[in-house]
Amino acid sequence: MRHPVFAAALLAGLAASAPAFAQEDHSAHAGHAMHHAAASGPIAAAVADPRRKAENRARDQYRHPVETLSFFGIQPDQTVVEIWPSGGWYTEILAPLLKDKGRYIAAAQPPGKYRTATETLVASDPARFGKVEITTLDPKAPGDIAPAGSADVVLTFRNAHNLLMTGEPEAKAAFASFYKALKPGGVLGVVDHRLPEDRDSALEKSSGYLKKSTIVRLAESAGFKLAAESEVNANPRDKADYPNGVWTLPPTLSQGDQDREKYLAIGESDRLTLKFVKP
């Protein structure tokens with residue numbers, strides 16, 4: 001059952017901040033129509049599920065899950081692979097959304113705390129997560145994250161920078177795994193912290209921020225084509241120049257109490273939202 005107050009607040013918030021579909025919607029009317037459909041559809045219902053953790057729902061204002069998943073074209077009957085879901089922020093939305101008609105595959109990290117977090121969440125509520133399939137993405141030992149050519153969508157939220165920090169060959173191997181898992185015409189959805197194009201690329205190895213051109217290069221190396229991009233997860237307050245990179249900002253707040261209010265006022269990072277297609 002959905003909390004009517006929360007649902008009303010969610011819909012009000014959606015109405016106040018329609019997403020920008022940079023290459024898809026060329027008119028205000030088209031954007032409004034898609035926005036209205038998203039606000040009343042199954043994705044919105046999954047986001048409004050009161051079983052989601054309160055601390056996860058509190059981050060919807062930064063992560064815009066309804067608009068983001070709508071932009072990537074997520075449908076309840078699809079096979080969707082999520083890369084490195086860790087604590088399962090998006091698992092709480094995607095697993096119930098896909099449970100009845102679709103398939104949700106969590107391509108988790110190799111054994112360690114992040115994989116354990118995924119496994120713990122999945123085991124915690126069989127009614128929601130009982131059909132979740134857990135596979136492995138290990139960029140140092142590439143294997144199949146899903147049966148080849150089986151996935152409609154592969155999603156990676158704020159992981160491309162981790163892959164690149166592991167190494168360029170490992171990042172390319174991971175993108176090749178994404179490509180192999182997808183059907184022809186399948187979508188790769190990437191969200192990551194944006195590094196301005198005029199900054200030193202060396203920052204990509206330490207700051208958590210990535211240039212759009214770097215993500216495009218990695219995707220194209222695997223055979224993907226950039227199909228569209230959205231500014232729905234943009235944050236112009238984020239200048240991407242902090243003492244401990246992106247982890248200076250919420251939710252990590254690595255500086256502790258030092259300038260805490262300043263970083264809380266900035267909010268979570270400025271993010272690229274890129275939609276690639278496997279030809």
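Quick note: structure is the one above.
Residues numbered from 1 in each chain as written. Predicted model: local features only at pLDDT ≥ 70, side-chain atom pairs only at ≥ 80, totals over all residues. Heavy atoms only, no water.

Novice: I tried to follow helix H8 (residues 113-124) on my own but got confused; where do I start?
Specialist: Side chains three or four residues apart in an α-helix point the same way, a direct result of the helix having 3.6 residues per turn. Taking 1.5 Å per residue, 12 residues should reach 16 Å; H8 reaches 16 Å between its end C-alpha atoms and fits that length. Where H8 is concerned, the buried positions are Arg115, Thr118, Leu121 and Val122. The buried residues of H8 occupy an angular sector of 125 degrees when the element is viewed end-on, so they sit on one face. For H8, the exposed residues set more than 90 degrees away from the buried face come down to Lys113, Ala123 and Ser124. Taken together, the buried residues of H8 touch helix H7 (91-98), strand S2 (103-108), helix H9 (126-129) and strand S3 (133-136). (Helix = DSSP H or I, 4+ residues; strand = E, 2+ residues; numbered from the N terminus. Expected span 1.5 Å × (residues − 1). Buried < 20%, exposed > 50% of the residue type's maximum accessible area, 1.4 Å probe, protein only. Arc of directions from axis to C-beta. Contact = heavy atoms within 4.5 Å.)

Novice: What is the right way to look at unusual backbone geometry in this model?
Specialist: Comment: phi is negative for the bulk of residues other than glycine, and the bulk of peptide bonds are trans. Backbone torsion omega between Pro250 and Pro251 reads 5 degrees, so that peptide bond is classified as cis. Looking at where Pro251 falls in the secondary structure, it is placed in the loop between strand S6 (225-230) and helix H13 (260-266). Despite not being glycine, Ala240 has its phi angle at roughly 60 degrees, a positive value. Along the chain, the position of Ala240 falls in the loop between S6 and H13. Residue classification places Ala240 among the buried residues on the basis of a relative accessible area of 10%. Positive phi is not limited to glycine here, since Leu253 has a value of about 50 degrees. In this fold, Leu253 is placed in the loop between S6 and H13.

Novice: Honestly, the side chain of Gln78 in this entry has me stumped. Any pointers?
Specialist: Looking at where Gln78 falls in the secondary structure, it is placed in the loop between helix H6 (65-71) and strand S1 (79-83). Within the local environment of Gln78, its side chain forms a polar contact with the backbone nitrogen of Gln75, the two atoms lying 2.8 Å apart. Once residues lying within four places of it in the same chain are set aside, the contact partners of Gln78 are Gly73, Leu98, Gly102, Arg103, Asp152 and Val153. (Polar contact = N/O pair within 3.5 Å; in protein donor to acceptor, adjacent residues only side chain to side chain.)

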